[in-house]
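Summary of the model geometry
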Amino acid sequence: MAKILGFIGLGVMGRPMARHLAEKLPPAIDELLVYDIDPGKAQALREDLSPAAAPRVRLTSLEEIGTQGDIIFLSLPGSKVVRDIVLGGSSEGGAPAPEERALGKLLKPGSIIADTSTTEVQTVKDISQAAQREGFYFLDTPISGGEKAAQEGRLSFMAGGDEGAFEKLKPYCLTMGASAVYLGESGAGQSAKAVNQMIVGAAFAAIAESFSLGVRSGLDPKTLYQAIKGGWAGSAVLDVAAQDMFSRAFAPGGTVDIHWKDLGYALTLARDTDSPVPLTALVHEIFKAARAKGEGQKSQSAVVRLWEDLLGIEVT
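So, here is what we can say about the structure in this document. Being a predicted model, the structure only gives us computed values, none of them experimental. (Residues numbered from 1 in each chain as written. Predicted model: local features only at pLDDT ≥ 70, side-chain atom pairs only at ≥ 80, totals over all residues. Heavy atoms only, no water.)

Attention now goes to the pairing of strand β8 (residues 155–160). Of all six residues in β8, five are buried; the element is thus mostly enclosed. Sheet topology note: the strand β7 (residues 143–144)/β8 ladder contains two bridges and is antiparallel. Across the sheet, the residue bridging to Ile143 is Phe157, located in β8. Pairing of β8 with strand β9 (residues 177–184) involves six bridges; the strand directions are parallel. Note on β9: the bridge partner recorded for Phe157 is Ala180. Since β8 and β9 lie parallel, the crossover through helix α8 (residues 163–176) that links them has a hand, and here it is right-handed. (Buried < 20%, exposed > 50% of the residue type's maximum accessible area, 1.4 Å probe, protein only. Helix = DSSP H or I, 4+ residues; strand = E, 2+ residues; numbered from the N terminus. Pairing = 2+ DSSP bridges. Right-handed = clockwise from strand over helix to strand, strands pointing away.)

As a further point, take unusual backbone geometry. Backbone torsion omega between Pro252 and Gly253 reads 25°, so that peptide bond is classified as cis. Along the chain, Gly253 turns up in the loop between α11 (236–247) and α12 (256–272). Positive phi, normally seen in glycine, also occurs at Arg248, with a value near 65°. What makes Arg248 partly exposed here is its relative accessible area of 23%. Its identity is not glycine, yet Phe250 carries a phi of approximately 50°, on the positive side.

On to the packing of α12 against helix α13 (residues 278–292). The N-to-C vectors of α12 and α13 enclose an angle of 150°; their axes lie 9 Å apart at closest approach. One element, α12, and the other, α13, form an angle in the roughly antiparallel class. Crossing hand, α12 versus α13: left-handed. Listed contacts from α13 to Val256, Asp257, His259, Trp260, Leu263, Gly264 and Leu267 of α12 are Thr280, Ala281, Val283, His284, Phe287, Lys288, Ala290 and Arg291. Grouping the amino acids of the contact of α12 with α13 by side-chain chemistry returns eight nonpolar, four polar and three charged. (Axes fitted to C-alpha atoms, helices over the stretch in contact; angles between N-to-C directions. Parallel < 35°, antiparallel > 145°, perpendicular 65-115°, else oblique. Left-handed = near helix turned anticlockwise from the far one by under 90°. Contact = heavy atoms within 4.5 Å. Nonpolar A, V, L, I, M, F, W, Y, C, P; charged D, E, K, R; others polar.)

Next up, the structure:
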């Protein structure tokens, strides 16, 4: 059994995930080692913890997590940062530049890295091949559910990579989420996440477009939401989008920028597999337009601002 766990990346998703992991550490685990390039985020995690959990969590360096961790979770902003953290390189995200300081050069044989970030499939496969040469396991374990599910411990994990390593990892995933499903070889988890993001992105765009039409036609959007939420149009995405549009907060969780990136990964996968995805290509352009309008740091629901500006309305 693993004795020391590591967690790297304590942002919007990583911080609540690490908190759940810390609060539910089994007695056999000695410590949870955590790191973020922003020391304030690591300190904020410590402040989240109960008095019982806090003594078993230690803020430390990438190097110590690499040399001591038996299982290490990553929650990072994209493919380049993941590659640089694990294999080395110069990263915009602050990863160690020298290859000898990369996690993959520091890990004990048999250690497991679980990447919960949304990462390109080819990047995952490249790192997994390097992991085999170095004697550790690299699993793609992206998550779905958003910030609220992370806070409540209801995330869904989609896993690809070595199945035996996943079975060792799974109990820790379930301390942070409601489900952890193994899908197949390296890259399968990220392929599933691409599908997830395609569906979610299309839903946000369709809700923005349809509610704008409803308001333009004279409907009250809150009454419209009440009328349709119990039917086939009802979904978690509809609930989140309605709350955002009506409050005008558009506070992330996920952002327009992040979802645009994720849809780009899906388009790359579609190109590599010669799969036609015209709807995803269109939704990607809608998110790109929202970024160009300055909505990139707002929640995905902010794509509605495109229609609001065109039609001179507010969905509120």
